[in-house]
Amino acid sequence: MWGHIMSDEKKPVRKKLKAASETSRFMADYYHELDAASKKGEPKIAWCTSVGPAEILRALGFLVYFPETHAAMLGATRMATELIPEANAMGYSPDICSYLTADIGAFLRGVTPLSKVYQGIETIPRPDVLVFNTNQCRDVQDWFSWFGKKFDAPVIGIYTHRNIGKITEAHVASITKQMQDLIEPLEKISGRRFSLDTLKRVIALSRECSELWRQVLETATARPSPLTFFDGTTLMGPAVVGRGTQRAVDVYKILLAELNERIKSKEGAIEDECFRLYWEGMPVWGRLRAHSELFSRLKANVLASTYCNSWIFSALDENDPFNSMAKAYTELFIVRSDDEKEIYIKKMIKLFAIDGVIYHDAKTCPNNTNCRYGMPQRLEQQTGVPSLIINADLNDLRLISDEQTKTNVEAFIEQLEESQT
Ligand code: SF4
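*Asks:* Even after reading the chapter, I still don't get the pairing of strand 8 (residues 387-392), so can you show me in this structure?
*Replies:* Look at any regular strand and the pattern is simple: side chains alternate between the two faces of the sheet. Two elements, strand 7 (residues 356-362) and strand 8, share 6 bridges in a ladder whose sense is parallel. Among the inter-strand pairings, His360 is bridged to a residue of strand 8, identified as Ile390. Running through helix 18 (residues 375-383), the crossover from strand 7 to the neighbouring parallel element strand 8 is right-handed.

*Asks:* Sorry, what's going on with the pattern of salt bridges here?
*Replies:* Here the idea is simple: oppositely charged side chains can pair when their charged atoms come close. This structure, assessed with the given rule, holds 29 salt bridges. Note that Lys299 is salt-bridged to Asp272, the shortest N-O span being 3.9 Å. One end of the pair, Lys299, is in the loop between helix 14 (288-297) and strand 6 (300-305); the other, Asp272, is in the loop between helix 13 (246-264) and strand 5 (275-280), with 27 residues separating them in the sequence. Assessed through its relative accessible area of 8%, Lys299 is described here as buried. Note that Lys406 is salt-bridged to Glu410, the shortest N-O span being 3.3 Å. Of this pair, Lys406 and Glu410 both sit in helix 19 (residues 402-420), 4 residues apart, roughly one helical turn. Judged by relative accessible area, Glu410 falls into the buried class, the value being 12%. Through salt bridges with shared partners, a single ionic network connects Arg207, Glu211, Arg214 and Glu218.

*Asks:* It is not clear to me how the packing of aromatic side chains should be interpreted in this structure. Could you clarify?
*Replies:* Any two aromatic rings considered together are summarised by their centre-to-centre distance and by the angle between their planes. A full pass over the atoms with the stated rule returns 25 aromatic pairs. With centroids separated by 6.5 Å and ring planes inclined at 80°, the aromatic side chains of Trp279 and Phe295 adopt a geometry described as edge-to-face. Of this pair, Trp279 sits in strand 5 while Phe295 is found in helix 14, placing the two residues 16 residues apart along the sequence. Summarising the burial analysis for this pair, Trp279 and Phe295 share the class buried.

Rules used in this analysis
Residues numbered from 1 in each chain as written. Predicted model: local features only at pLDDT ≥ 70, side-chain atom pairs only at ≥ 80, totals over all residues. Heavy atoms only, no water. Pairing = 2+ DSSP bridges. Helix = DSSP H or I, 4+ residues; strand = E, 2+ residues; numbered from the N terminus. Right-handed = clockwise from strand over helix to strand, strands pointing away. Salt bridge = Lys/Arg side-chain N within 4 Å of Asp/Glu carboxyl O. Buried < 20%, exposed > 50% of the residue type's maximum accessible area, 1.4 Å probe, protein only. Phe/Tyr/Trp six-rings, centres within 6.5 Å; stacked < 30°, edge-to-face > 60°.

And the structure:
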C-alpha cells in the first residue's frame, strides 16, 4: 500500500471551492475601503491585533486594519524573507516574530503585497490609533509601538493574563475594566459618542460570524472532509478582519451551504482521503500550496487546526457586552496553560476522528508553538494518536528545509499506514 501511495506521483488535484471567490471579493473590498479612508482622512482607521477588541472599534465607527493579516500576506507572497533583515538592522532580532520583522521591513523598504494584489493601493492604511491586546504575545505591543511612533499616532492596549488554567471572575473583571477604559480615549480620537446599543449590534454580528465560522470548520468532521486546513487559512480572512459586519456573515452562509452540498454528495476536499490529520501551530505561509500538495499526494487530509479555530468566539453575548468580550478574548487557546491546551487538543482529536497530529515548531513564534515542553509525547501517550514535529517558520523561509519536511512527512504517513494494516 505504501508503494502504491509513493508511486502515485501525479500532480494532486486542488479542488477549489466556488465560495472562495466570495471571500476574495470580500478581502478586495475591505482593503479598497481602507485605502480610500486613508487617502481621504475619514472614516478614522484603527489598527488592531488579530484577537484584539475589534467590536469596540467598529462600534465607534473606525475602519479596522489588522497588521497580522498584512504580515501573513508578506509570507504567502514570499516577500517576507528578504524584508526581515531590514528590521534586524534596526535592532529587532531574527529570532523574534517574523510577522513583526517582515512588516516593519516592508514599511522601511516602502513595499506592500497589497499593491501587487489590489490595483490602485500603494501603501498600508495610515492609523489614527493602534490598539493591541497582549493575549497572544508581547510582540504585538512592540510592533504597534514602532508604527505608532512612525505615524505619530496613539498606541493603547489591553494586558491579558497568560498561561491561564480555569478562567476566574477575577480574570474576566480585570479585562472588562481595561476594555471599558479604552472607550474614553477612543471617543476622543473618533470624535463620536460611544453607544452601547451599537456595540451590542456589532457583538451580535460578530457572534453570528463566529458561529458560522465554527460550523464551516466543523464540516471537516464529515468523512471525507469537504475542507482542508490549507483552504481554511485563506477562507478565514473575513472571520479575522470582518467580524462584526453583516457582509462577513453573508459570505460564510454561502461557504457553509457549499460545504454542506459537498458533504451530501460525499465529495472530499482531496481525492481518496485515507488519513485525517490535525495541524497544531502557525501555517507556513510561503509553503501553503507545497504543503497542501505534499499531504494530498499521500492521501492525507490535514483537515482541522488550532489556528483556524482561533477565530471562534463562542462566549460573545450582546446582552453582556463587555464581560462576554473579556471572556471571549481570554479563553483563547493561546492564552491558556498546557493542561487546558491538552484538554482542548484531545477534544479536537476526538471530534475530527484524527489519525495523526502535525506540530509546527515555528522558530520565531514560541507563542504559537506547543511542542517544546513534552506536549506531543504526553498526548501520544494519552490518546495513542501519533504525532510529527515540523521545524519551520511562519514567514522566514531561511528557517525551512523543504527536503527534510518532505522526508519526515512521508515517513510519518508510512508509519500511519503500517499501524492501520
Ligand atoms: S502570536 Fe506569534 S506570529 Fe502572532 S504576532 Fe505574536 S509572535 Fe507573531
